[in-house]
Amino acid sequence: MSSIDKIWYTRCPVPTASGLAHNQGWLAEEFQAAGLAVGILQDAGPELAQHHFDHQLLGLFREGGNVPALAARSAGAPTRLIGLTWIEEWQSILVRADSGITGAAGLAGARVALPAWAETRAKSFPRAMALHGTKGALAQGGLTLDDVTFVEVAAPTRPSVGRDAGRDTDGRAFSWPGIAELARGEVDAVYAKGARAAEQAKEIGAVVAVDLDAHPDRRTRVNNGTPRPITVHERLLDEHPDLVVGFLAQTLRAADWAEGNLDRVREILAGETRSGAEAVETAYRGDFHHSLHPDLSRERLDLLRVQKDFLLVHGFLDADVDLDAWVAPEPLELARGRLAAQAAGVGA
């Protein structure tokens, strides 16, 4: 922990500008100039991969779900929040085609899948996702969590990030938690998100009862990836702020690039999510590739606060998290300034 000899990067298999920057080789170029190699955390084996959840690694940049990030911070991990992104991810409540449930109000009395607790709060993000996603859907119909019956289902055993994303621990195609139970009639509804879930919904003939992305109020779809935090070890920021600025500059550069390269972005996403092109187009709709830029706006911080409060109430955090103390806005401001200077030809 006394010095940086390598940069580590970890993210979830979803649309992120930092993921695109890595794919384009721009992160490697950035840190090579500082004499540092870039490693993908999950490629280093399970001992290092666990730091995706606890963030106890000095040279780590993490862009991923907010449940592990908030859980780590609440447990005392020395991290700082340097950016937030918001990408619509086909958040849906799925039902069987013959269920008769055609909207949020129809969920009253339904049996809803709820993944079991994992070995840690941070790794229990599938449970948190299902619970908050269901809450958001029910709110659209004037209902609450008390108006449904939760049925506990097996939590996924797959790695959640990295090169094995989309596979369980035996290398098989990942099944979204609750999908099998929905197909067997053991539950009436399942919260799902993303390309792989869209693909599996089609495979079993499930239909969307509630499209959370279609609601005008973003608060109804606050969840693990909405908003999605970018975090670093606070010592990395204190001792090597230039590295943090460089990471963010390449992330912003990739977000700019994505706006004019939708087809290539979708190709990259298909590889990352291990999903077909049709599922990627279903899950990531409209102009999503125009909104990959991280920011720390008051709106996004307020949405993260909604998620933090929900996680605290439902037992996913060890303690409350002071979001204002967690935020470090300076690196993002400097990264924007660096890109603006480069665009004006004033220097690197």
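All values derive from a computational prediction rather than experimental measurement.

Another aspect to go through is the sheet that holds strand β8 (residues 190–192). On the basis of which strands lie adjacent, the open sheet formed by 3 strands has the order β8-β5-β9 and antiparallel pairing. Edge positions in the sheet fall to β8 and β9 (206–211), since each has one partner strand and no second. With direction set aside, neighbouring strand axes in the sheet form an average angle of 40°. Pairing between strand β5 (residues 92–96) and β8: 3 bridges, direction antiparallel. Following the sheet pairing, Ile-93 is matched in β8 by Tyr-191. Contacts from helix α6 (residues 125–140) reach β5, β8 and β9, with the element oriented near 105° to β8.

Their axes nearest at 11 Å, the elements α6 and helix α13 (residues 298–313) cross at an angle of 115°. Judged on the interaxial angle alone, α13 and α6 are roughly perpendicular. Handedness of the α6/α13 crossing: right-handed. Here Ala-128, Leu-131, His-132 and Lys-135 of α6 lie close against α13, whose contacting residues are Val-306, Gln-307, Phe-310 and Leu-311.

Next up on the list: the packing of aromatic side chains. Across all of its chains, the model carries 7 aromatic pairs by this definition. Where Phe-31 meets Phe-61, the ring centres are 5.7 Å apart and the plane angle is 35°; that geometry is what we call tilted. Of this pair, Phe-31 sits in helix α2 (residues 26–32) while Phe-61 is found in strand β3 (residues 60–63), placing the two residues 30 residues apart along the sequence. The exposure classification of Phe-31 matches that of Phe-61, with both residues buried. Arranged with centres 4.2 Å apart and planes meeting at 10°, the rings of Phe-61 and Phe-247 form a pair that is stacked. Of this pair, Phe-61 sits in strand β3 while Phe-247 is found in helix α10 (residues 241–259), placing the two residues 186 residues apart along the sequence. Taken together, Tyr-9, Phe-31, Phe-61 and Phe-247 form an aromatic cluster joined through their ring pairs. Between the NZ or CZ atom of Arg-253 and the centre of the ring of Trp-26, over which it lies, the distance is 3.7 Å.

Moving on, we come to the pairing of strand β6 (residues 111–115). The side chains of a regular strand alternate between the sheet's two faces. Summarising burial for β6: 4 of the 5 residues are buried, a large majority. As defined by bridge partners, β6 adjoins strand β7 (residues 149–153) across 5 bridges and the pair is classed as parallel. Residue Arg-111 lies in a different strand from β7, and its bridge partner there is Thr-149. Note that the unit made of β6, α6 and β7 has a crossover that is right-handed.

Taken as a whole and assessed by the stated rule, the structure comprises 26 salt bridges. The partner of Arg-264 in a salt bridge is Glu-267, with the nearest N and O atoms 3.1 Å apart. Note that Arg-264 and Glu-267 are positioned in helix α11 (residues 262–273) at a spacing of 3 residues, about one turn of the helix. Residues joined by salt bridges that share partners form a network here, namely Arg-96, Asp-98, Arg-111 and Asp-188.

About the thresholds
Residues numbered from 1 in each chain as written. Predicted model: local features only at pLDDT ≥ 70, side-chain atom pairs only at ≥ 80, totals over all residues. Heavy atoms only, no water. Pairing = 2+ DSSP bridges. Helix = DSSP H or I, 4+ residues; strand = E, 2+ residues; numbered from the N terminus. Axes fitted to C-alpha atoms, helices over the stretch in contact; angles between N-to-C directions. Contact = heavy atoms within 4.5 Å. Parallel < 35°, antiparallel > 145°, perpendicular 65-115°, else oblique. Left-handed = near helix turned anticlockwise from the far one by under 90°. Phe/Tyr/Trp six-rings, centres within 6.5 Å; stacked < 30°, edge-to-face > 60°. Buried < 20%, exposed > 50% of the residue type's maximum accessible area, 1.4 Å probe, protein only. Lys NZ or Arg CZ within 6 Å of the ring centre and 35° of its normal. Right-handed = clockwise from strand over helix to strand, strands pointing away. Salt bridge = Lys/Arg side-chain N within 4 Å of Asp/Glu carboxyl O.

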